[in-house]
Amino acid sequence: MFKKILIANRGEIALRVIWACKELGIKTVAVYSEADRLSLHRRFADEDVCIGPAPSNQSYLNIPSIISAAEITGAEAIHPGYGFLSENAHFIEVAQSCKLQFIGPETHAIRTMGNKAMARDTMNAAGVPILPGSDGPISDVTAAKKLADEIGYPVIVKASSGGGGRGMRVVNKADELVDAVNLARSEAEIAFGDSDVYIEKYLTNPRHIEIQVLADHFGHVIHLGERECSIQRRHQKIIEEAPSPVITEEMRQKMGLAAVEAARAVNYRGAGTVEFLYNEDGTFYFMEMNTRIQVEHGITELVTGLDLVKWQIRIAAGEKLSIQQSDVVMTGHAVECRLNAEHPETFRPSPGLIEHFHLPGGPGVRVDSAAYAGYRVPPNYDSMIGKLMTHGADRAEAVSRMKRALGLTVIEGIDTNISLHTRIMDDPFFLKGDMSTRFMEQFFARQS
Ligand code: ADP
């Protein structure tokens, strides 16, 4: 096992990795930017190194600074968390050339899955269902038009290198296609430095269902069931739950098997997530694979009792995954609300000083957060300041615990989306488990 791990991240996920390391008896090194001098990940790690000024590209994305921090402190491995450098194949190569173990998959898996067009083709070859669409990036608009006519509108134009809900454009009619492709191309070039786009069928009312997988160095791959992530705003998740209210055990095994095949196709190693779009008629299609730990991993931990971050570390250290598929059992139901420092109606980010702060507790409540009273949320990073998770014997209990927990959460001095979560927890469609990726759009329409 490693003796010391550097955590190349900040906020709640950096703390989450520190907790896993403490339980495994591993020393931790925090890296922090000048904006994060007073952060908890710095306080709770065994050692800390300042890696640069506030802007991410000068600190949390600054590869030479992070590698030097690992070398100076004698860390043997790097945990990248999510975001920042977690899916950057170049970073892994640099780390490996400096004899540092990256806690995550091989670069081949990251490169294949990081390019959505390439991922689609690889999944198709592996027999994982994909939506009708282009084979690889589209070469010219005439070919794109012909293809869109064949698969039928609406279609979605997506940037091959897109991510974070950006670089997508829905096209409803043939005469909008050429403009959409050209715009998507130039937007993708600016945002991702890659103008490749591809087309696939746009589903009008799907659910976002994703499967958690774990794989070791010895070809052993298992799945840990699904998460329902349909509640999104601008393609970004807000509330997740496990299991999904509509997935039967039979469907879980079917989708689980597809996810395991997806992971095998790229020789996956570590924790990963295969995202699918799911139709009410039971058809599902590969959307993408996230080759890292995800924000919403905690709800899978609550229902399976497995510690995903510890397993990531153990697998990276070369341990065998000792869990068999038949050992994985989902018990009860878990819900997660992402707490964001933003206005609950306008969604304007709200960085600044947290004056009063109280976190809920009691049966079935888990909070992953790096915020505290007197903490100043910096304007430089993501607005998520924590995750509220509840676990209950069934969905109704998990939801009622979430309502209680939201009511007992005090964050004053900045705006947060707590009141929005409370309203969703009371929504009749949410309570019935009746949702699709258009949930928020329809929810706002119901409220007005
Ligand atoms: P990102 O990598 O930016 O998160 P994804 O490919 O995971 O992008 O898609 C994010 C969200 O966009 C999905 O959860 C879904 O709501 C929507 N989406 C993507 N592709 C389609 C599609 N073909 N049809 C309908 N919705 C889609």
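Reading the values: the criteria
- Residues numbered from 1 in each chain as written.
- Predicted model: local features only at pLDDT ≥ 70, side-chain atom pairs only at ≥ 80, totals over all residues.
- Heavy atoms only, no water.
- Salt bridge = Lys/Arg side-chain N within 4 Å of Asp/Glu carboxyl O.
- Helix = DSSP H or I, 4+ residues; strand = E, 2+ residues; numbered from the N terminus.
- Buried < 20%, exposed > 50% of the residue type's maximum accessible area, 1.4 Å probe, protein only.
- UniProt positions renumbered as here; feature names shortened; annotations may be inferred.
- Near = heavy atom within 4 Å.
- Polar contact = N/O pair within 3.5 Å; in protein donor to acceptor, adjacent residues only side chain to side chain.
- Areas by Shrake-Rupley, 256 points an atom, 1.4 Å probe, with all protein chains shown as cover.
- Nonpolar A, V, L, I, M, F, W, Y, C, P; charged D, E, K, R; others polar.
- Pairing = 2+ DSSP bridges.
- Axes fitted to C-alpha atoms, helices over the stretch in contact; angles between N-to-C directions.
- Parallel < 35°, antiparallel > 145°, perpendicular 65-115°, else oblique.
- Contact = heavy atoms within 4.5 Å.
- Arc of directions from axis to C-beta.

Draft legend 1. Representation of the pattern of salt bridges within the structure. This model, assessed by the stated rule, comprises 34 salt bridges. Between Arg-10 and Asp-36 there is a salt bridge, and its shortest N-O distance comes to 2.7 Å. Of this pair, Arg-10 sits in the loop between strand E1 (4-7) and helix H1 (11-24) while Asp-36 is found in the loop between strand E2 (27-33) and helix H2 (40-44), placing the two residues 26 residues apart along the sequence. Just as Arg-10 is buried, Asp-36 falls in that class too. Salt-bridge contacts for Glu-301 lead to Arg-16; the nearest nitrogen and oxygen are separated by 2.8 Å. Here Glu-301 is found in helix H10 (residues 297-304), whereas its partner Arg-16 is found in helix H1, with 285 residues between them in sequence. Among the charged side chains, a salt-bridge network with shared partners connects Glu-210, Arg-227, Lys-237, Glu-240, Glu-275, Glu-296 and Arg-338.

Draft legend 2. Spatial organisation of the UniProt feature "domain: Biotin carboxylation" (unreviewed entry) in the chain. UniProt records the feature "domain: Biotin carboxylation" (unreviewed entry) at residues 1-445, using the numbering of this structure. Helix and strand shares over residues 1-445 are 34% and 27% respectively, and the end C-alpha atoms of the span are 53 Å apart.

Draft legend 3. Spotlight on the site of the ligand. As a structural note, the neighbourhood of the ligand is formed by 21 residues, with Lys-116, Gly-165, His-208, Gln-232 and Glu-288 the closest of them. At 2.9 Å from an oxygen atom of the ligand is found a side-chain nitrogen or oxygen belonging to Lys-116. The contact in question runs from an oxygen atom of the ligand to an N or O atom on the side chain of His-208, over 2.8 Å. In isolation the ligand offers 560 Å² of accessible surface; the protein chains occlude 95% of this area. Of all elements in the fold, only strand E6 (155-163), strand E7 (166-171), strand E8 (197-201), strand E12 (270-278) and strand E13 (284-290) reach the threshold of two or more residues within the shell around the ligand. For the shell around the ligand, the element with the most residues is E6, which contributes three residues. Here the residues of the shell around the ligand are counted per class, giving seven nonpolar, seven polar and seven charged.

Draft legend 4. Broad picture of the pairing of strand E19 (residues 384-392). When you tally the buried positions in E19, you get eight out of nine residues, the bulk of the element. Where strand E14 (residues 333-340) lies against E19, eight bridges are found, and the strand directions are antiparallel. Among the inter-strand pairings, Val-335 is bridged to a residue of E19, identified as Thr-390. As defined by bridge partners, strand E17 (residues 365-369) adjoins E19 across five bridges and the pair is classed as antiparallel. Bridge pairing in E19 links Ser-369 to Gly-386.

Draft legend 5. Here's a closer look at the packing of helix H13 (residues 418-425) against helix H15 (residues 439-447). Look at H13 against H15: their axes get within 12 Å of each other, and the N-to-C directions meet at 85 degrees. Judged on the interaxial angle alone, H15 and H13 are roughly perpendicular. Residues Leu-420, Arg-423 and Ile-424 of H13 touch H15, and the partners they reach there are Phe-439, Met-440, Phe-443, Phe-444 and Gln-447. Of the residues assigned to the contact of H13 with H15, the class counts are six nonpolar, one polar and one charged.

Draft legend 6. Region of interest: the pairing of strand E10 (residues 221-233). Counting buried residues in E10 gives twelve out of 13 residues, a clear majority hidden from the surface. Looking at chain direction, strand E9 (residues 207-215) and E10 are connected through six bridges and run antiparallel. Its bridge partner lying in E10, Val-213 is registered against His-223. Remark: five residues form the turn of the hairpin made by E9 and E10, two consecutive strands paired antiparallel; Gly-219 in that turn has positive phi of roughly 80 degrees. Connecting the antiparallel pair E10 and strand E11 (residues 236-242) is a turn made up of two residues, with Arg-234 showing a positive phi of about 50 degrees.

Draft legend 7. Inspection of the sheet that holds E7 at higher detail. If you trace the three strands from one edge of the open sheet to the other, you get E7-E6-E8, paired in antiparallel fashion. For this open sheet the edge positions go to E7 and E8, each flanked by a neighbour on one side alone. Averaged over all pairs of adjacent strands, the angle between their axes in this sheet comes to 25 degrees, without regard to strand direction. Relative to E8, E6 is paired through five bridges, and the arrangement is antiparallel.

Draft legend 8. A look at the side chain of Lys-387. Mapped onto the elements, Lys-387 comes out in strand E19. Among the polar contacts made by the side chain of Lys-387, one reaches the side chain of Glu-12 at a distance of 3.1 Å.

Draft legend 9. Summary view of helix H7 (residues 141-151). Those residues of H7 not exposed but buried are Ala-144, Leu-147, Ala-148 and Ile-151. Buried residues of H7, seen end-on, are gathered within an arc of 100 degrees and therefore sit on one face of the element. Turned more than 90 degrees off the buried face of H7, the exposed positions are Thr-142, Lys-146 and Glu-150. Those residues of H7 hidden inside the fold are in contact with E6, helix H8 (177-192) and E8. Its side-chain oxygen at 3.1 Å from the backbone nitrogen of Thr-142, Asp-140 defines the N-terminal cap of H7. Directly after H7, the chain includes Gly-152, whose backbone phi takes a positive value near 90 degrees.

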